[in-house]
Amino acid sequence: MALTTASTLEFLSKKPYTPPSWASHLNPLPSHVFSLAHLPTPIHKWNLPNLPPNTHLYLKRDDLSGMQLSGNKVRKLEFLMADAVAQGADCIITIGGIQSNHCRATAVAAKYLNLDCYLILRTSKALVDQDPGLTGNLLVERLVGAHVQLISKEEYAKIGSVAKGLGYAMNTSEELNFVREIAATTGVVLDPVYSGKAAYGLVKDISESPKKWEGRKILFIHTGGLLGLFDKVDQIAPLVGKWHRMDVNESVPRQDGIGKMF
Ligand SMILES: *Cc1c(COP(=O)(O)O)cnc(C)c1O
């Protein structure tokens, strides 16, 4: 009870930051953070199928660090936002891919702190002149009133960094089917870009070299990013379970007779 009260009061407040001992050599050291994440996130046993004998796998649930602010990005935003506020900034400008979790989390954190937010989102040449839509992270960004500016990957490569590989944010059906399978067997929904690919790689390596993993204790970090899954629904649709209209004729009639047609 005391813990709940403390963290409730702390949320969205500025608090002094003391680094852990392994980070105390950093320079400059942040002096404050804004409390934006719900920490610590839980760790639980993760019973992935076909683990080698005596291999213990645990899952660190950073996807549960918040709702609109969920995922690992909120951890660095606690520092960056405190710095922006300390500098007297009135707006935040940042850049990412069209389904960037970083941009979504930044847009939400900025609004919490009463800062305006400008997002530069990279998309394909074909889509740069169209309304980007309301799927996944974009829905949250646009709901919280972020200013969305689109730029093609080619334009960005010219003025920004080199064009984060072709494969970024792209999925094979095999990867998406893996995400579905893990959700169906363990109840944990992975994201398509990071934790889904990483877990896919882990399971592949475990199945190819089980001896290497035997007896190991593994902590897998789920870094969030679930909203990105909404952008994959067309690719996921053929993989998920069938549905059918309920057969009302077979259902039991209400005892009170309400709804009876005769
Ligand atoms: C950005 C992101 C990562 C990568 O985190 P880094 O700290 O940049 O390595 C992992 N998972 C998700 C869901 C992300 O959005």
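Residues numbered from 1 in each chain as written. Predicted model: local features only at pLDDT ≥ 70, side-chain atom pairs only at ≥ 80, totals over all residues. Heavy atoms only, no water.

Asks: Describe in detail the pattern of salt bridges, supporting the description with residues and values.
Replies: Within the structure shown, the criterion is met by 7 salt bridges. A salt bridge links glutamate 10 to lysine 15, with the shortest nitrogen-to-oxygen separation between them at 3.3 Å. Judged by its relative accessible area of 33%, glutamate 10 is partly exposed. Of the charged contacts, one joins glutamate 214 and lysine 211 as a salt bridge, the two residues approaching to 3.3 Å between their closest N and O atoms. Take lysine 211: its relative accessible area is 67%, and that puts it in the exposed class. (Salt bridge = Lys/Arg side-chain N within 4 Å of Asp/Glu carboxyl O. Buried < 20%, exposed > 50% of the residue type's maximum accessible area, 1.4 Å probe, protein only.)

Asks: Residue-level account of the site of the ligand, with values.
Replies: Around the ligand, the surrounding shell consists of Asn72, Lys73, Asn101, Tyr194, Thr223, Gly224 and Gly225. Between the ligand and the protein, one listed contact pairs an oxygen atom with a side-chain N or O atom of asparagine 101 at 2.9 Å. (Near = heavy atom within 4 Å. Polar contact = N/O pair within 3.5 Å; in protein donor to acceptor, adjacent residues only side chain to side chain.)

Asks: Help me get a handle on the UniProt feature "active site" (unreviewed entry) in the protein, residues and values and all.
Replies: UniProt feature "active site" (unreviewed entry): in the numbering of this structure it lies at Ser100. Take serine 100: it is sitting in the loop between strand S5 (91–97) and helix H3 (101–112). Those residues in contact with serine 100 that sit more than four places away from it in its chain are Asn137 and Glu141. (UniProt positions renumbered as here; feature names shortened; annotations may be inferred. Helix = DSSP H or I, 4+ residues; strand = E, 2+ residues; numbered from the N terminus. Contact = heavy atoms within 4.5 Å.)

Asks: Let's hear about the side chain of threonine 94: which residues, and what values?
Replies: Residue placement: threonine 94 occurs in strand S5. On the basis of relative accessibility, which here comes to 13%, the residue threonine 94 falls in the buried class. If we ignore the near neighbours within four places in the chain, the residues touching threonine 94 are His102, Cys103, Thr106, Tyr118, Leu119 and Ile120.

Asks: Go over the pairing of strand S6 (residues 116–123) with me, naming the residues and quoting the values.
Replies: The sheet contact formed by S5 and S6 spans 7 bridges and is parallel. Bridge pairing in S6 links isoleucine 92 to cysteine 117. Note that the unit made of S5, H3 and S6 has a crossover that is right-handed. Across 6 bridges, the pairing between S6 and strand S7 (residues 147–152) is parallel. Pairing of threonine 123 across the sheet is with serine 152, part of S7. Running through helix H4 (residues 137–143), the crossover from S6 to the neighbouring parallel element S7 is right-handed. (Pairing = 2+ DSSP bridges. Right-handed = clockwise from strand over helix to strand, strands pointing away.)

Asks: Kindly report on H3, identifying the contributing residues and their values.
Replies: When the terminal C-alpha atoms of H3 are compared, their 17 Å separation across 12 residues agrees well with the 16 Å that a helix rising 1.5 Å per residue should span. Of all 12 residues that make up H3, 10 are buried, and the element is covered over most of its length. For H3, the elements touching its buried residues are helix H2 (73–86), S5, S6 and H4. Where H3 starts, the residue carrying a side-chain oxygen 3.2 Å from the main-chain nitrogen of histidine 102 turns out to be serine 100. Positioned one or two residues after H3, asparagine 114 has a phi angle of 65 degrees, which is positive. (Expected span 1.5 Å × (residues − 1).)

Asks: Describe the pairing of strand S4 (residues 56–61), naming the residues involved and giving the relevant values.
Replies: Both strand S3 (residues 43–45) and S4 contribute to a ladder of 3 bridges, which runs antiparallel. Directly across from lysine 45, in S4, lies its bridge partner tyrosine 58. Where S4 lies against strand S8 (residues 217–222), 6 bridges are found, and the strand directions are parallel. Following the sheet pairing, arginine 61 is matched in S8 by histidine 222.

Asks: If you had to explain the environment of arginine 75 to someone new, which residues and values would you point to?
Replies: Within the secondary structure layout, arginine 75 lies in helix H2. For arginine 75, a relative accessible area of 30% gives the class partly exposed. Considering only alpha carbons, one finds arginine 75 and leucine 12, 63 residues apart in sequence, at a separation of 13 Å. Other than its neighbours up to four places away in sequence, arginine 75 contacts Leu39, Thr41, Lys60 and Asp62. Of the polar contacts made by the side chain of arginine 75, one reaches the side chain of aspartate 62; its length is 2.6 Å.

Asks: Can you explain the packing of H2 against H3? Please cite residues and give values.
Replies: Relative to each other, H2 and H3 sit at 45 degrees, their axes nearing to 10 Å. Judged by the inter-axis angle, H2 sits oblique to H3. The chirality of how H2 crosses H3 is right-handed. Touching Lys73, Lys76, Leu77 and Met81 of H2 are Asn101, His102, Ala105, Thr106, Ala109 and Ala110, all from H3. Considered class by class, the residues forming the contact of H2 with H3 number 5 nonpolar, 3 polar and 2 charged. (Axes fitted to C-alpha atoms, helices over the stretch in contact; angles between N-to-C directions. Parallel < 35°, antiparallel > 145°, perpendicular 65-115°, else oblique. Left-handed = near helix turned anticlockwise from the far one by under 90°. Nonpolar A, V, L, I, M, F, W, Y, C, P; charged D, E, K, R; others polar.)

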